Amino acid sequence: MSENIAGTLSVSNDVIADLAGYAALSCYGVVGMAEQLQGAESVRLLAKGVLVAADDDGLTVDLHVVVESGVNIKSVSENLASSVTFTLAEIAQIDPGKLKIAIHIDAMKSRA
C-alpha cells in the first residue's frame, strides 16, 4: 500500500546523470557511453557520458553513446529515450513533460 508524504523531492544533477547512464547502458544496442575528445577524430569510452542541464523549461539530458555495429540506429534511439524517460519519471519523479532527451551517437563498435 503506497502512502503520500507531504513535502518536496530534490535530486542533484549528478544523481540524474547516474540514473540516465544506467538506463542507457541497459538498452539493447548500446555498448557504452562516450566522450568526444576536443579537436580529435576519436571517441573514448567512459563510464558516464551524460550531461544534465536544468532551466526554466525543465531538464535536458544529453546522452553520448556508442552503439553496436549493425543495429537500427532509429530503433535504438527511440528505445533509449523511452527507457531513460521512464527511469527518471519512476525513480526521480521527474515530470516527462518537462524532460528533453538528446541522444548523440558518437561511434559504432562491435560488441566483441
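Preceding this paragraph is the structure being described.
1. Digging into the pairing of strand S3 (residues 50-55)
Direction of pairing for S3 relative to strand S4 (residues 58-68): antiparallel, over a ladder of six bridges. The residue of S4 that forms the bridge with Val52 is Val61. Taking the residues between adjacent antiparallel strands as the criterion, S3 and S4 are bridged by two residues.

2. A look at the pairing of S4
The buried count for S4 comes to eleven of eleven residues, which makes it a mostly enclosed element. Handedness of the crossover joining S4 and strand S5 (residues 99-109) through helix H2 (residues 73-91) is recorded here as right-handed.

3. Let's talk about the packing of helix H1 (residues 13-25) against H2
Between H1 and H2, the shortest axis-to-axis distance is 9 Å and the interhelical angle comes to 135°. In terms of orientation, H1 lies oblique with respect to H2. For the crossing formed where H1 meets H2, the hand is right-handed. Seen from H1, the contacting residues are Ile16, Leu19, Ala20, Ala23 and Ala24; seen from H2, they are Leu80, Ser83, Val84, Thr87, Leu88 and Ile91.

4. Observations concerning H2
Taking 1.5 Å of rise per residue, the 19 residues of H2 would be expected to cover 27 Å, and the 27 Å separating its terminal C-alpha atoms lies within 8% of that figure. Every buried residue of H2 is listed here: Val76, Ser77, Leu80, Ser83, Val84, Thr87, Leu88 and Ala89. Looking at where H2 begins, the residue whose side-chain oxygen comes 3.0 Å from the main-chain nitrogen of Lys74 is Asn72. Trailing H2 by a residue or two, Gln93 shows a phi angle of about 60°, which is positive.

Reading guide: rules and limits
Residues numbered from 1 in each chain as written. Predicted model: local features only at pLDDT ≥ 70, side-chain atom pairs only at ≥ 80, totals over all residues. Heavy atoms only, no water. Pairing = 2+ DSSP bridges. Helix = DSSP H or I, 4+ residues; strand = E, 2+ residues; numbered from the N terminus. Buried < 20%, exposed > 50% of the residue type's maximum accessible area, 1.4 Å probe, protein only. Right-handed = clockwise from strand over helix to strand, strands pointing away. Axes fitted to C-alpha atoms, helices over the stretch in contact; angles between N-to-C directions. Parallel < 35°, antiparallel > 145°, perpendicular 65-115°, else oblique. Left-handed = near helix turned anticlockwise from the far one by under 90°. Contact = heavy atoms within 4.5 Å. Expected span 1.5 Å × (residues − 1). Polar contact = N/O pair within 3.5 Å; in protein donor to acceptor, adjacent residues only side chain to side chain.

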